[in-house]
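Chain residues, written in single-letter form:
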Amino acid sequence: MKTVVVMPNWVGDCVMAWPVLEALAASGRELTVLAKSHLRSLLVLAPGQPDFCTRGETDATVELLKAAAFHEAVVLPNSFRSAWLPLQAEIPRRWGYRGDLRTLLLKPSVARPRGRRPQVEDYRELLRAMAVAEPASWTPRIELPESLRSFGRERLARGHVPVGQGPIVGVFPGAEFGPSKRWPWRSFADLLRELRRSVGSFRGVIVAGPKELWTAVRVHEESGKLHPVIGPDLDLAQLAGVLSHFDLLVTNDSGPMHLAAAVGTPCVALFGPTDPRRTAPAGSGHRVLSRDLWCSPCFRRRCPLLHHGCLRGLGVTEVHAAALDQLQRNVSA
């Protein structure tokens, strides 16, 4: 059975779909993932080592799918266009959830689950409709080859952050979704200063992607130019290799948060306009901080009330205490 899996465009959503790929691979299917090119390095690490098909312009993507002659498509995103592509490519069976005028595009379509639950479990009913056994766990776990872990050690060493010589704490001040998901960058700088005062042999790392470089540099400068910025020049697999050596990541709700959790790194996750009941880092050993205001979760890219109180109201003292507690738990474990 040649199966193409249409993947989400966001890094975090792809990580949360990891258990689905595991279940499909275990069913004996020959998997190909269809995704944006920047996701390639991550998705080729998925269970079953799937082939990768780049999702580009519509016509070119349809031609690629036609040439591959897939027997079925599994459409994970809930967008209209994601269901339109396999229809145009004349793939006979097209599995996905109904909604947004998609019912006629899918064959068969599956009723979308109701109720609120962790997003990692959203595809339970889809697998059931396909008669595919559920994964052993709905907690994403990315197994990194030793080459990537070695790369991570070497990259940290280049930043004067040797592994094994004191706790390594990363901070991720970005969030591609928008400003409303970002704890103030000055607060991240203050947090690094507080951790340096309170944790012996502490090593700090500022994590950034290409779009967060400006913010990361500001944190670097404001915190005394002592902590390297790592990540803008790395692909997602290489970034996972770096994250795997952290003792803790303090992060906004973001793709790197899910990536860190999936490689086994504990997180202190800062939530504002999004819902931690849906997208908190999966698994145990993480700490979520949120203010639970009357207006949250609003899921807006910018605060409609202009004050961004859901994240700005989280104080450095509170986040610092949570980080210390998580580090102590790691030592005890």
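Up top is the structure these notes are about.
Predicted, not measured: the structure shown is a model, and the values here were computed from it.

Enquirer: In this structure, what is going on with the sheet that holds strand β8 (residues 203–207)? I would like to understand it.
Expert: An order of β9-β8-β7-β10-β11-β12 is seen for the 6 strands of this open sheet, with the pairing classed as parallel. Edge positions in the sheet fall to β9 (229–230) and β12 (287–289), since each has one partner strand and no second. Both strand β10 (residues 248–252) and strand β11 (residues 267–270) contribute to a ladder of 4 bridges, which runs parallel. Pairing of L249 across the sheet is with C267, part of β11. The strands touched by helix α8 (residues 185–198) are β7 (168–172), β8, β10 and β11; relative to β7, the strand with the most contacts, the crossing angle is about 170°.

Enquirer: I would appreciate a short explanation of the pairing of strand β2 (residues 30–35) in the present structure.
Expert: Regular strands place their side chains on alternate faces of the sheet. By the criterion of burial, β2 is predominantly enclosed, with 5 of the 6 residues buried. Judged from the 4 bridges that link them, β2 and strand β3 (residues 51–54) form a sheet pairing that is parallel. Bridging across to β3, A35 finds its partner in T54.

Enquirer: Quick question: what am I supposed to make of the packing of aromatic side chains here?
Expert: This structure, assessed with the given rule, holds 2 aromatic pairs. Ring geometry for F80 against W84: centres 6.1 Å apart, planes inclined by 20°, an arrangement best described as stacked. You can see F80 and its partner W84 sitting in helix α5 (residues 80–88), 4 residues apart, about one turn around the helix. In this structure F80 comes out as partly exposed when scored by relative accessible area, which is 37%. W84 gets classed as partly exposed once you look at its relative accessible area, which sits at 33%. Aromatic pair W183 and F188: ring centres 4.9 Å apart, planes at 80°, arrangement edge-to-face. A cation sits over an aromatic face here: K2 above F70, 5.6 Å from the ring centre.

Enquirer: What is the right way to read the pairing of β10 from this model?
Expert: Of all 5 residues in β10, 5 are buried, a share of seventy percent or more. Here β10 shows a buried face lined by L248, V250 and N252 and a second buried face lined by L249 and T251. Note: β7 against β10, 4 bridges, orientation parallel. In the strand pairing of β10, V169 is matched with L248. Crossover β10 to β11 through helix α11 (residues 255–262) is right-handed.

Enquirer: Quick question: what am I supposed to make of the packing of helix α10 (residues 236–243) against α11 here?
Expert: In a pair of packed helices, the angle between the axes and the distance between the axes together describe the arrangement. At a closest axis distance of 9 Å, the pairing of α10 and α11 adopts a crossing angle of 60°. Considering the angle they form, α10 stands oblique to α11. For the pair α10 and α11, the crossing hand works out as right-handed. Contact with α10, carried on its side by L236, L239, A240 and L243, involves P256, L259 and A260 of α11 and no other residues of that element.

Enquirer: What should I look at first to understand α5 in this one?
Expert: Note: α-helices contain 3.6 residues per turn, so residues at a spacing of three or four share the same orientation. All buried positions along α5 are accounted for by S82, A83, L85 and P86. Down the axis of α5, the sector holding all buried residues measures 150°, keeping them to one side. Elements that come into contact with the buried residues of α5 comprise β1 (2–6), β2, α4 (58–68), β4 (72–75) and β5 (93–97).

Enquirer: Help me understand the nonpolar core in this model?
Expert: Generally speaking, a soluble globular protein has its nonpolar side chains buried in company with each other. In terms of nonpolar packing, the biggest core is built from 57 residues, with M7 and L43 touching the most fellow members. In contact with L43, not counting residues within four places along its chain, are M7, C14, W18, L21, V33, A35, P50 and F52. Formed by 27 residues, the second largest nonpolar core is a distinct cluster that contains W183, F202, L270 and V316.

Cut-off values and rules
Residues numbered from 1 in each chain as written. Predicted model: local features only at pLDDT ≥ 70, side-chain atom pairs only at ≥ 80, totals over all residues. Heavy atoms only, no water. Pairing = 2+ DSSP bridges. Helix = DSSP H or I, 4+ residues; strand = E, 2+ residues; numbered from the N terminus. Contact = heavy atoms within 4.5 Å. Axes fitted to C-alpha atoms, helices over the stretch in contact; angles between N-to-C directions. Buried < 20%, exposed > 50% of the residue type's maximum accessible area, 1.4 Å probe, protein only. Phe/Tyr/Trp six-rings, centres within 6.5 Å; stacked < 30°, edge-to-face > 60°. Lys NZ or Arg CZ within 6 Å of the ring centre and 35° of its normal. Right-handed = clockwise from strand over helix to strand, strands pointing away. Parallel < 35°, antiparallel > 145°, perpendicular 65-115°, else oblique. Left-handed = near helix turned anticlockwise from the far one by under 90°. Arc of directions from axis to C-beta. Core = buried A, V, L, I, M, F, W, Y, C linked by side-chain atoms within 4.5 Å.

Interpretation note: all reported values are geometric properties and have no functional meaning in isolation.
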